Amino acid sequence: MTDVTRAPQTQRTLVLVKPDGVRRGLSGEILGRLEAKGYTLVAVELRTADEALLAAHYAEHRGKPFYAPLVEFMGSGPILAVVAEGERVIEGFRSLAGTTDPTSASPGTIRGDLGRDWGLAVQQNLVHGSDSPESARREIALWFPSL
Ligand code: IDP
Ligand code: MG
């Protein structure tokens, strides 16, 4: 049962609209969903990430078969990097995003409504969202060192 007496957990999370989302003109739609859910935008920046940033961002996936193509794809065009804030926003944005595979992600989610397999398995799935408070701190420091 939900503990209504627990302390508030205002959090920040890193959201990325990946190059496929920016190319397809979905940045506004995705930002709109974040805002419609009631989260606050703390920082928004359009930028093309270099390999060092992407290697640090995806360090946990280094050595996996999809790692090199993933880094190449993520550097293939501008990314909209966003820091969003709100109560339990880390979990909340992961829920808005849907599961990793856009083909089977639930309708109603960003990946489920707007994404699909383009012949590259689950590489192009429109968004990234931090998966824990530790990841969020680490990723925000990488993308927005001044925050
Ligand atoms: P997540 O983005 O839902 O947290 P992760 O497992 O952390 O998913 O994977 C990071 C990203 O790597 C995914 O969003 C997707 O772009 C890509 N990816 C994951 N698994 C595969 C795969 O099997 N093939 C190709 N790309 C993948
Ligand atoms: Mg992940």
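Procedures and definitions
- Residues numbered from 1 in each chain as written.
- Chains lettered and ligands numbered in written order.
- Predicted model: local features only at pLDDT ≥ 70, side-chain atom pairs only at ≥ 80, totals over all residues.
- Heavy atoms only, no water.
- Salt bridge = Lys/Arg side-chain N within 4 Å of Asp/Glu carboxyl O.
- Near = heavy atom within 4 Å.
- Polar contact = N/O pair within 3.5 Å; in protein donor to acceptor, adjacent residues only side chain to side chain.
- Areas by Shrake-Rupley, 256 points an atom, 1.4 Å probe, with all protein chains shown as cover.
- Nonpolar A, V, L, I, M, F, W, Y, C, P; charged D, E, K, R; others polar.
- Core = buried A, V, L, I, M, F, W, Y, C linked by side-chain atoms within 4.5 Å.
- Buried < 20%, exposed > 50% of the residue type's maximum accessible area, 1.4 Å probe, protein only.
- Helix = DSSP H or I, 4+ residues; strand = E, 2+ residues; numbered from the N terminus.
- Contact = heavy atoms within 4.5 Å.
- Pairing = 2+ DSSP bridges.
- Axes fitted to C-alpha atoms, helices over the stretch in contact; angles between N-to-C directions.

J.: Sorry, what's going on with the pattern of salt bridges here?
T.: Pairing between side chains becomes possible if they bear opposite charge and their charged atoms approach one another. Evaluation of the coordinates by the stated rule reveals six salt bridges. In this structure, the salt-bridge partner of Glu91 is Arg88, at a minimum N-O distance of 2.9 Å. Salt bridges sharing common partners tie together Glu29, Arg33 and Asp113.

J.: Looking at this model, I keep getting lost on the site of ligand 1. Mind explaining?
T.: The full set of residues close to ligand 1 is Lys18, Tyr58, His61, Phe66, Leu70, Arg94, Thr100, Arg111, Val122, Gln123 and Asn125. Note that an oxygen atom of ligand 1 is positioned 2.9 Å from one of the side-chain N or O atoms of Lys18. In the model, an oxygen atom of ligand 1 is placed 2.8 Å from a nitrogen or oxygen of the Asn125 side chain. In isolation ligand 1 has 530 Å² of accessible area, and contact with the protein removes 78% of it. Tallied by class, the residues present in the shell around ligand 1 amount to four nonpolar, four polar and three charged.

J.: What is the right way to read the nonpolar core from this model?
T.: What tends to happen in soluble globular proteins is that the nonpolar side chains get buried as a cluster. Formed by 19 residues in total, the largest nonpolar core has its most connected members in Ile30, Leu34, Phe93, Ile110 and Val127. Every element with two or more residues in this core is listed here: strand E1 (10–17), helix H2 (27–36), strand E3 (79–87), helix H5 (89–97) and helix H6 (110–114). The element contributing the most residues to this core is H5, with four residues. Not counting residues within four places of it along the chain, the set of residues in contact with Leu34 comprises Val15, Tyr39, Leu41, Val82, Ala84, Phe93 and Leu96. Counting residues in each nonpolar core, the second largest holds 18 residues, with Leu16, Ala43, Val71 and Met74 among its members.

J.: Is there a simple way to explain the sheet that holds E3 in this structure?
T.: Pairing between sheet strands relies on hydrogen bonds along the backbone, with the strands arranged either parallel or antiparallel. Spatial ordering of the open sheet is given by E2-E3-E1-E4, a layout of four strands whose pairing is antiparallel. Of all strands in the sheet, those bounded by a partner on one side alone are strand E2 (40–47) and strand E4 (127–129). For this sheet the average axis-to-axis angle between neighbouring strands, irrespective of direction, equals 20°. Strand direction decides the pairing type here: E1 and E4, joined by three bridges, are antiparallel. Looking at E4, one finds that Val17 is bridged to Val127. This element, helix H7 (residues 133–143), spans E1, E2, E3 and E4 of the sheet and lies at about 55° to E1.

J.: Any chance you could explain the side chain of Thr109 here in plain terms?
T.: Relative to the elements of secondary structure, Thr109 occurs in the loop between H5 and H6. Polar contacts involving the side chain of Thr109 include one to the main-chain amide nitrogen of Gly112, which spans 2.9 Å. Not counting residues up to four positions away in its chain, the partners in contact with Thr109 are Arg33, Ser95, Leu96, Ala97, Gly98 and Leu114.

J.: Explain the environment of Thr103 here, please?
T.: Topologically, Thr103 is positioned in the loop between H5 and H6. Given a relative accessible area of 54%, Thr103 falls into the exposed group. A sequence separation of 52 residues divides Thr103 from Glu51, and the C-alpha atoms of the two residues are 28 Å apart.

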